[in-house]
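Listed here are the chains, written in short residue letters.
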Amino acid sequence: MSKLRVRFAPSPTGYLHIGGARTALFNYLLARKEEGTFILRIEDTDVARSTQESTDAILQAMEWLGLTSDERPYYQSERFDLYRAKVDQLLAEGKAYRCYCTPEELDAKRKTAMAEGGKPKYDGTCRNRQDQPQGVPFVVRFRSPQEGETSFADRIKGPITFSNEELDDLIIQRSDGTPTYNFVVVVDDAEMGLTHVVRGDDHINNTPRQILLYQALGYPVPEFAHVPMILGADKSRLSKRHGATSVMAYKDMGYLPEAMVNYLVRLGWSHGDEEIFSMDDLVEKFSLENVGKSAGVFNPEKLLWLNAHYIKTGDPARLAGLLEPFLAADGIDPRGGPDLQAVVKTLRERSRTMLEMAQGAAFYFQKDFAYDEQAAAKFLTEDKRPVLETVIRHLEKSSDWNEEGIGQAFKAVMEETGLKLGKFGPSIRVALAGGTASPGIYEVAVVLGREETLRRLQRALEML
Ligand code: GLU
């Protein structure tokens, strides 16, 4: 058997959305698993709707997800000569014909057919036309067989059969000379030696037409696998109403690519009741056999849960690097402040996104932060002066500036004042972090360092 070759073939008419990314991921995993080849083909024949911006956005999103293609990206816009030659081949062999029917005529035919209860299908007026009027615009139509059936064994959906009678004489070249999607996709999938076509099931109706084109062009027919679509929680087709649908919007919201990959793969594929998969696990475990037949339902809560998991278990050095742009967006420059990796370690367990982590990290770097008003009114009150002073005194002389040493100092404060930590801990927290939500106060003190911790306690004293 020839080596597996698969592709992802986006049309660059917008950003990479969740559904497209999942299709790309399935193809990528299949290629890695089977030691085959994964290629990226930009389907930019629709010049009016395709933009370089969209192409760039798709390439960036693929890179972010780690879905690298094994060959340089292909662009259909660079292949018009090939498509033209293939149209000419079909014309020469009588497998396609020029159709001179005007849009108005076609419209009228369609209306008549529908009024008579028939299907709005091209009636074949130009099928057997012998003349070639000069200077009259024409499209090229594929001479589709009128009888028989076209079948294929879909790797996900099972056997599918269409009656050829239902298929129109497809336009393969428009009157402006540009080829159409169904035609170029076949030429490319064949010329690029693709063995499997894995794509969204919105293309299922195109498949029999494409199979007939493969046959007419003398190409071997690849295997097909149509992936069920993705729905929103209300079971309607996934759209912006259900949350962001752009993959990169999730990057901007502080999601990690491994969480997105893990989430995407589970939208339609399963492996027992496992939920957590690294890319390496997936390469080992992925198979088309375990892709479900029914639609996946988009669940932002689960994506958030996975993201929290990957942050919790993430490498602090890497997370620190990812955190920086989020801090910068809040106007925070971490240089000159506490060690960023140490900061990350205190926040990993409590941040579901990098955005949340940046919000949680801000106090470390803002020397003159404003206290949360309610927290200050409740916990930074005059009666706390003696205990705050005692804390300062013990921290000043604490020999080890680590959690244990700081814990010892607090123990000494409790012994001396007879107060439980619950009585003054919240005041220390507000003094150090500005509010009532923060990592543990010992951890925070360690990360801030002795000097900055004492400075913050003094500052709080001054505002009592
Ligand atoms: N360019 C097509 C699309 O974005 C995909 C074509 C295919 O996978 O066959 O829907």
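All figures in this text were calculated on a predicted structure; none of them were measured in a lab. (Residues numbered from 1 in each chain as written. Predicted model: local features only at pLDDT ≥ 70, side-chain atom pairs only at ≥ 80, totals over all residues. Heavy atoms only, no water.)

## Considering the sheet that holds strand E5 (residues 139-142)
Then, number 1: Judged by pairing direction, the sheet is antiparallel, and its three strands sit side by side in the order E4-E5-E8 without closing on themselves. This sheet does not close on itself; its edge strands, each paired only once, are strand E4 (96-99) and strand E8 (171-173). Neighbour-to-neighbour, the strand axes of the sheet open up by a mean angle of 45°, direction not taken into account. (Pairing = 2+ DSSP bridges. Helix = DSSP H or I, 4+ residues; strand = E, 2+ residues; numbered from the N terminus. Axes fitted to C-alpha atoms, helices over the stretch in contact; angles between N-to-C directions.)

## A look at the site of the ligand
Then, number 1: Around the ligand, the surrounding shell consists of Arg7, Ala9, Pro10, Ser11, Glu43, Tyr181, Val185, Arg199 and His203.
Then, number 2: Interatomic distance of 2.6 Å between a side-chain N/O atom of Arg7 and an oxygen atom of the ligand.
Then, number 3: The separation between a nitrogen atom of the ligand and a polar side-chain atom of Glu43 is 2.6 Å.
Then, number 4: Protein coverage of the free-state accessible area of the ligand, which is 300 Å², stands at 80%.
Then, number 5: A class-by-class count of the residues in the shell around the ligand yields four nonpolar, two polar and three charged. (Near = heavy atom within 4 Å. Polar contact = N/O pair within 3.5 Å; in protein donor to acceptor, adjacent residues only side chain to side chain. Areas by Shrake-Rupley, 256 points an atom, 1.4 Å probe, with all protein chains shown as cover. Nonpolar A, V, L, I, M, F, W, Y, C, P; charged D, E, K, R; others polar.)

## Quick look at helix H11 (residues 316-329)
Then, number 1: Helix length check: H11 (14 residues) gives 20 Å between terminal C-alpha atoms against 20 Å at 1.5 Å per residue, within 8%.
Then, number 2: Helix geometry: H11 is bent most strongly at Leu323, by close to 30°, with proline Pro325 lying one to four residues after it.
Then, number 3: Listed in full, the buried residues belonging to H11 are Pro316, Leu319, Ala320, Leu323, Phe326 and Leu327.
Then, number 4: Contact partners of the buried residues in H11: helix H7 (247-252), helix H10 (300-312), helix H12 (340-347) and helix H13 (354-365).
Then, number 5: A positive phi of about 75° marks Gly331, the residue just after H11. (Expected span 1.5 Å × (residues − 1). Bend = angle between axes of the 7 residues up to and from the residue. Buried < 20%, exposed > 50% of the residue type's maximum accessible area, 1.4 Å probe, protein only. Contact = heavy atoms within 4.5 Å.)

## Thoughts on the pairing of strand E2 (residues 37-42)
Then, number 1: Most of E2 is tucked away: six of the six residues are buried.
Then, number 2: Neither face of E2 is open: one carries Thr37, Ile39 and Arg41, the other Phe38, Leu40 and Ile42, and all of them are buried.
Then, number 3: Sheet topology note: the strand E1 (residues 5-8)/E2 ladder contains four bridges and is parallel. Within E2, the residue paired with Arg7 across the bridge is Ile39.

## Topic: the packing of aromatic side chains
Then, number 1: Taken as a whole and judged by the stated rule, the model has 14 aromatic pairs.
Then, number 2: On the basis of an interplanar angle of 85° and a centroid distance of 5.6 Å, the ring pair of Tyr263 and Phe298 is categorised as edge-to-face. Of this pair, Tyr263 sits in helix H8 (residues 257-266) while Phe298 sits in the loop between strand E12 (296-297) and H10, and the two are 35 residues apart along the sequence.
Then, number 3: Under the relative-accessibility criterion, Tyr263 is labelled buried at 3%.
Then, number 4: With relative accessibility at 2%, the residue Phe298 sits in the buried group.
Then, number 5: The rings of Phe26, Trp269, Phe277 and Phe286 are connected pair by pair, giving a single aromatic cluster. (Phe/Tyr/Trp six-rings, centres within 6.5 Å; stacked < 30°, edge-to-face > 60°.)

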